[in-house]
Protein chains: 2
Amino acid sequence: MSAAENQALKKVLREHELKATNQRVALLKLLDATNEHFDADEIYLALRQKQKNVSRATVYRSLEALVEQHLVSRVDFGDGRMRFERCQDEDEHHDHLICEKCGQVIEFFNLEMEAQQLSVCEEHDFTPSTHTMHIFGTCAECRKKN
Amino acid sequence: MSAAENQALKKVLREHELKATNQRVALLKLLDATNEHFDADEIYLALRQKQKNVSRATVYRSLEALVEQHLVSRVDFGDGRMRFERCQDEDEHHDHLICEKCGQVIEFFNLEMEAQQLSVCEEHDFTPSTHTMHIFGTCAECRKKN
DNA sequence: AATCTAAATGAGACTTATTTGCACTTGTGT
DNA sequence: ACACAAGTGCAAATAAGTCTCATTTAGATT
């Protein structure tokens, strides 16, 4: 049943000039299947649990390749480890609100903001490829708790 | 001649309920004097070079305290190490364009974008304390080189 | 000015995240 | 099926940041 999905992922990898290895397919599939922001080690452990043959080094190397091809993006919530999420289309790009109290991450999308970014890039004659925008603060629940 | 500056920095530290130690004053002064984005180790080495008595542990601990007090902010350019810059007033907050080819960092300020951020926070009933916005891509010079 | 005490510091061992070298394996073009 | 470059696994190496604990210091108190 996931054979079709596997084929689709392999196609995606090849279109990005990456060899479609089992490890990479499994990694992409894992990220596709979740909304969470895994770090490298969580990805490694999750794949091992799925009986996938993969090493930590490969997880790091694959993530690097996938990020370079914009199939995956890095997100840094400032807690010292890099996290990853599957990329959507660029016009579906979302950003993050991060609660400093409980660690909750709220994703948001704001068309105006995306437009402003393009305008800033134009002003500076800069060709954007990707961006990250994190707003740190306190979420509604945590504020009420005080 | 920098005695006055030192006194001013000590005052700032005390206003934020931080003991005004020589190490912290020297660190703030260093960041005030540059536009670059130093990482912890660069700060450590720069202070040593200025004959300041300071340890790596203190650099990390001081930075942590200063970031918490919003006197300094962390910037992550995605290269695996945390960098730091002196904070301006919140209404003077700037963001970054980062060239993936040459590593150049261009700072920008966009009022519209700041306004959009506040509106996103309101929508999600989120109280912001700080934010980071990085746009990665190719700068004008690097684009022309191709 | 001398004294006191909680907070801050220094040294270096330690932890955790990530990278690298190298021998072995595998995807893919022919 | 074959050849070979690309990818992988393992274990050792590096790098970034944290922690412990003995010592020092800022700044409040007298």
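Residues numbered from 1 in each chain as written. Chains lettered and ligands numbered in written order. Predicted model: local features only at pLDDT ≥ 70, side-chain atom pairs only at ≥ 80, totals over all residues. Heavy atoms only, no water.

### What to know about the protein's contact with DNA strand C
As a matter of local geometry, DNA strand C sits amid 21 residues, with A:Arg14, A:Tyr60, B:Thr21, B:Asn53 and B:Thr58 nearest to it. Within 4 Å of the protein, the atoms of DNA strand C are drawn from sugar and phosphate moieties in a proportion of 66%. Contact between DNA strand C and A:Arg14: a phosphate oxygen at 2.6 Å from a side-chain N or O atom of the residue. Here a phosphate oxygen of DNA strand C and a backbone polar atom of A:Met82 are 3.4 Å apart. The set of elements that each furnish at least two residues to the surface near DNA strand C consists of α4 (56–68) of chain A together with α2 (22–32) and α4 (56–68) of chain B. Taken together, the residues that form the surface near DNA strand C break down as seven nonpolar, seven polar and seven charged. (Near = heavy atom within 4 Å. Polar contact = N/O pair within 3.5 Å; in protein donor to acceptor, adjacent residues only side chain to side chain. Helix = DSSP H or I, 4+ residues; strand = E, 2+ residues; numbered from the N terminus. Nonpolar A, V, L, I, M, F, W, Y, C, P; charged D, E, K, R; others polar.)

### A look at the pattern of salt bridges
Residues and elements named next belong to chain B. Counted under the stated rule, the structure contains 11 salt bridges over all chains. For Arg-81, the salt bridge identified is with Asp-39, shortest N-O distance 3.1 Å. Linking Arg-81 in the loop between β2 (72–76) and β3 (82–86) with Asp-39 in strand β1 (residues 38–39), this pair joins segments that are 42 residues apart in sequence. Judged by relative accessible area, Arg-81 falls into the partly exposed class, the value being 43%. Take Asp-39: its relative accessible area is 4%, and that puts it in the buried class. Between Arg-56 and Asp-41 there is a salt bridge, and its shortest N-O distance comes to 2.6 Å. (Salt bridge = Lys/Arg side-chain N within 4 Å of Asp/Glu carboxyl O. Buried < 20%, exposed > 50% of the residue type's maximum accessible area, 1.4 Å probe, protein only.)

### Quick look at the sheet that holds strand β4 (residues 95–99) of chain A
Read across the open sheet, the six strands follow the order β5(A)-β4(A)-β6(A)-β6(B)-β4(B)-β5(B); overall the sheet is mixed. A strand with exactly one partner marks an edge of an open sheet, and here the two such strands are β5 (105–108) of chain A together with β5 (105–108) of chain B. Direction aside, neighbouring strands of the sheet carry axes that sit 20° apart on average. Pairing analysis gives four bridges linking strand β4 (residues 95–99) of chain B to strand β6 (residues 127–138) of chain B, with the strands arranged parallel. Each bridged residue has a counterpart across the sheet, and for B:His96 the counterpart in β6(B) is B:His134. Its contacts with the sheet put helix α5 (residues 111–123) of chain A on β4, β5 and β6 (127–138) of chain A together with β4, β5 and β6 of chain B, and the angle it makes with β6(A) is roughly 130°. (Pairing = 2+ DSSP bridges. Axes fitted to C-alpha atoms, helices over the stretch in contact; angles between N-to-C directions. Contact = heavy atoms within 4.5 Å.)

### Some words on the interface of chain A and chain B
In this complex, chain A contributes 39 residues to the contact, which on the side of chain B involves 37 residues. Run the count over chain A and chain B and you get two salt bridges. Note that A:Asp125 and B:Arg143 form a salt bridge whose closest N and O atoms lie 3.0 Å from each other. Taken together, the links from chain A to chain B amount to 18 residue pairs in polar contact (both at pLDDT 80 or more). Elements that contribute at least two residues to the side of chain A that touches chain B include exactly β2 (72–76), β4, β5, α5, β6 and α6 (140–145) of chain A. With 12 residues, β6(A) is the largest single contributor of residues to the side of chain A that touches chain B. Here the side of chain A that touches chain B is composed, by residue class, of 16 nonpolar, 14 polar and nine charged. As defined by bridge partners, β6(A) adjoins β6(B) across 11 bridges and the pair is classed as antiparallel. Pairing of A:Pro128 across the sheet is with B:Gly137, part of β6(B).

### With respect to the domain arrangement of chain A
How big an interface is tends to be expressed through the accessible area that disappears when the partners come together. Residue and element names in this part refer to chain A. Taken domain by domain, chain A comprises domain 1 (3–86) and domain 2 (90–145). Using C-alpha coordinates to define each centre, domain 1 is positioned 23 Å away from domain 2. Contact residues are listed per partner, giving eight residues for domain 1 and 10 residues for domain 2. Buried area between domain 1 and domain 2, summed over both chains or domains, comes out near 600 Å², and the portion from carbon and sulfur atoms is 61%. The largest share of the area that domain 1 buries against domain 2 comes from His-70, Phe-77 and Glu-85, three residues that together contribute 60% of it. For the interface between domain 1 and domain 2, the tally reads zero salt bridges. At three residues, β2 tops the list of elements feeding residues into the side of domain 1 that touches domain 2. Residue classes in the side of domain 1 that touches domain 2 are distributed as two nonpolar, three polar and three charged. (Domains from an automatic or database assignment. Buried area = accessible area lost by both parts, 1.4 Å probe.)

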